[in-house]
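Results of the structural survey
Read off the chains here:
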Amino acid sequence: MEDGYDTSRPVTRSDRGGLAGLQNLGNTCFMNSAIQCLVHTPPLVEYFLQDYTDEINRQNPLGMHGELALAFGELLRKLWASGRTPIAPRAFKGKLARFAPQFSGYNQHDSQELLAFLLDGLHEDLNRVKQKPYIETKDSDGCADEEVADECWRYHKARNDSVIVDVCQGQYKSTLVCPICNKISITFDPFMYLSLPLPSTVTRTMTITVFYGDGSGLPMPYTVTVLKHGCCKDLSQALDTACCLKSDECLLLAEVYDHRIYRYLEIPSESLSSVKDDEHMVAYRLPKKRAELTRLEICHRYLDNSMSDNLKGCERKLFLTPLVAYLEDPHTGADIDLAVSRILSPLRRKTYFSSTKVHIGKENGCVSETIDKSTNSCSDLSGPGNQSTDNNTELEEMSNRELSFQLYITDDGGLNCRPIVKDSLIKPAKLVKVILDWTDEEHGLYDASYLKDLPEVHKTGITAKKTRQEAVSLFSCLDAFLKEEPLGLDDMWYCPRCKEHRQATKKLDLWRLPDILVFHLKRFSYSRYLKNKLDTFVNFPIHNLDLSKYVKSKDASTRSHVYELYAVSNHYGGLGGGHYSAYAKLIDENRWYHFDDAHVSPVSEAEIRTSAAYVLFYKRVKVEPNVGVGEPSQGHANS
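For the structure given in this document, a descriptive report is provided here. Remember, it's a predicted structure, so these values are computed and weren't measured experimentally.

As a further point, take the overall build of the protein chain. Looking only at helices and strands, one finds 15 helices and 30 strands in the protein chain. Counting the 639 residues in the protein chain, one finds 51% classified as buried. Put simply, 72% of the contacts in the protein chain that link residues at least 6 apart link residues at least 24 apart.

Pasting the structure below:
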């Protein structure tokens, strides 16, 4: 008993209970915000207004000898019994500073961190288990998920049994897959709240230009969204969908630097963190079955006007984007020439090609052509088109005459160049690199603009605010939280089959949801040199938050997974000088109030959704008989 309050005596709510504010004792708005959300949680209100002394665990070494639960219960009773008179939570803050020194003093702190400490501390102080049994955790080892999940929950309840577990704790499924031996490890763990990343913090947009390796179409840039710490496999899958890849095709990712292919990204597990925003990435559409084929890599050169006319061969300058194709056993220069003609065919100028009179010459193994200039004016030039069908006959004719291009076979460094003629023998190799010299004839025949000016992977707008992002839905945040992703290099998993630490992929799934579901929106990002806050507006449902599709348990249909919002912890401003407040709904009145320290005022439901929302509190609701649990909520459909 403290200040005349007897914790063993049940207390009834006053007529206007729950509308008292909390005085700010000096940068304690973070504490006031978290407390108001908790004291307006219906199951906790009902519990702490009754006699709960029999459940206080004073012997628990992980608890605070019941003192935190008594202090919180006393504060809750005052708030629900005092009408609208503000309360000074000095006694509670004293207990908090004693058991959690990180919250001592009068500095600003994080309301979510305090909330996590309070929930855990209240649980340990009210844990009905006096002697915790030792239970060894086991791997699923091929057992049915339902069986393993139920067993893990029974083990958890055997050691943890309190009102907090009853109403606030759920269970999720964690799946780890070894990238080497494909060993799968499945565990089921409890959770008290879900910390959801905002999509802008875990994803990045990447622009990749896709080229056809068989000359069947024009290059096209695609912008896709992938995980920041994802791998090349994620990027390939996103591009597969974006460019409608055929079932017999695959993509070969490459980085282009200085008009050469700097490197290929052929390892699916290679991290995308090595790809910077200012780099230039391409992808080549190639046949899946290419193990026995020869990779042909084509770079382009031109004669710089500033150079002397007698400079030849490798002294020309590289330009345009390299092209890649696969050939079946190229034996001679004619095979290479035919492949180059085919891959460049989409770039042909239609008007130029139709009005060109081809005359075969022998100089330098090239085709000399006479152009009908009267039909080749700039105004008559149309864009390139896909003429693979019309050009098949002509490509066959090219194989029967001298080479169409000035081609050179080169080494990896591009230093040693050897001219290719029709009868040049091509040594069998997995990779053949050639250089194509562009002359006036090539510039007249082909529109090279499609091979110029590759877009950067990501170009940041100069005037765009770094932390201000477009609105996202709560469901997209949840999707980002549950998305499969590789573990960090500093968080490797020990594979029991490989007997080594591996960078496994991790996938989370919701399995069991609690009656009170708390979402923490991760607005704050910290790094070694930078602290940042995201003011992204998250569109969250107030009514009918239906999570049925996210719950993977087969027994999910037995309980409702529809939730209703009843409290929000808000954070305004930046990291240093921010301010916390809370929105809470009085269930009996069906009305929302704004709790800003000692000031309490009514607000409309339309004012609840703001970009300041930081922690969201939902309670399970019963579903009407005519509404299916599995049906998506209106809020989900709209989002």
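Ordered in space as S2-S1-S20-S17, the 4 strands form an open sheet in which the pairing is antiparallel. Edge positions in the sheet fall to strand S2 (184-191) and strand S17 (485-486), since each of these pairs with one other strand and no more. Pairing of strand S1 (residues 170-177) with S2, which is carried by 8 bridges, proceeds in the antiparallel orientation. By the bridge assignment, lysine 173 is partnered in S2 with phenylalanine 188. Packed onto the sheet, helix H6 (residues 145-159) meets S1, S2 and strand S20 (505-512) and runs at close to 40° relative to S2.

Another aspect to go through is the packing of helix H1 (residues 29-39) against helix H3 (residues 67-81). Interaxial distance between H1 and H3 falls to 11 Å at its minimum, and their mutual angle equals 75°. Overall, the two elements H1 and H3 adopt an arrangement that is roughly perpendicular. Together, Ile35, Leu38 and Val39 of H1 and Phe72, Leu75, Leu76, Leu79 and Trp80 of H3 make up the contact between the two elements. Residue classes in the contact of H1 with H3 are distributed as 8 nonpolar, no polar and no charged.

Here we come to empty space enclosed by the protein. For the coordinates displayed, the defined rule picks out 2 cavities of 30 Å³ or more. If you add up the space inside the largest cavity, you get close to 80 Å³. Taken together, Phe211, Tyr212, Gly215, Gly217, Pro219, Leu323, Ile343, Pro346, Leu347 and Leu451 make up the full set of residues lining the largest cavity. Classifying every residue of the lining of the largest cavity gives 8 nonpolar, 2 polar and no charged.

The subject of this paragraph is unusual backbone geometry. A positive phi is found at aspartate 258, a non-glycine position, where the angle reads about 55°. Within the secondary structure, aspartate 258 sits in the loop between strand S6 (249-257) and strand S7 (260-265). The backbone of asparagine 544 sits at a positive phi, close to 55°, despite the residue not being glycine. Considering the arrangement of structural elements, one finds asparagine 544 in the loop between strand S24 (538-539) and strand S25 (545-546). Under the relative-accessibility criterion, asparagine 544 is labelled partly exposed at 43%.

Glancing now at the sheet that holds strand S8 (residues 280-287). The 5 strands are arranged S5-S4-S8-S6-S7 in an open sheet whose pairing can be described as mixed. Of all the strands in the sheet, just strand S5 (220-227) and S7 have a single pairing partner and so form its edges. Between one strand and the next, the sheet's axes are offset by a mean angle of 40°, whatever the strand orientation. Of the strand pairs in this sheet, strand S4 (residues 203-212) and S8 are connected by 4 bridges, and their pairing is parallel. Across the sheet, threonine 209 pairs through a bridge with valine 282, a residue of S8. Sheet strands touched by helix H9 (residues 232-242): S4, S5, S6, S7 and S8. Its angle to S5, the strand with the most contacts, is close to 135°.

Right, let's get into the environment of glycine 217. Residue position: glycine 217 is located in the loop between S4 and S5. Between the C-alpha atom of glycine 217 and that of proline 346, which follows or precedes it by 129 residues, the distance is 5.8 Å. For glycine 217, the contacting residues outside a window of four places in its chain are Tyr212 and Pro346.

With that settled, the discussion passes to the side chain of aspartate 337. Turning to its location among the elements, aspartate 337 is positioned in helix H10 (residues 333-344). For aspartate 337, the side chain forms a polar contact with the main-chain nitrogen of serine 404, separated by 3.0 Å. Separated by 3.3 Å, the side chain of aspartate 337 and the backbone nitrogen of phenylalanine 405 make a polar contact. In contact with aspartate 337, not counting residues within four places along its chain, are Leu403, Ser404, Phe405 and Leu407.

Parameters at a glance
Residues numbered from 1 in each chain as written. Predicted model: local features only at pLDDT ≥ 70, side-chain atom pairs only at ≥ 80, totals over all residues. Heavy atoms only, no water. Helix = DSSP H or I, 4+ residues; strand = E, 2+ residues; numbered from the N terminus. Buried < 20%, exposed > 50% of the residue type's maximum accessible area, 1.4 Å probe, protein only. Contact = heavy atoms within 4.5 Å. Pairing = 2+ DSSP bridges. Axes fitted to C-alpha atoms, helices over the stretch in contact; angles between N-to-C directions. Parallel < 35°, antiparallel > 145°, perpendicular 65-115°, else oblique. Nonpolar A, V, L, I, M, F, W, Y, C, P; charged D, E, K, R; others polar. 1 Å grid on protein atoms, 1.4 Å probe; cavity = no way out; pocket = protein on both sides within 12 Å on 5 of 7 lines; lining within 4 Å. Points joined across faces, edges and corners; volume = space filled by probe spheres on them. Polar contact = N/O pair within 3.5 Å; in protein donor to acceptor, adjacent residues only side chain to side chain.

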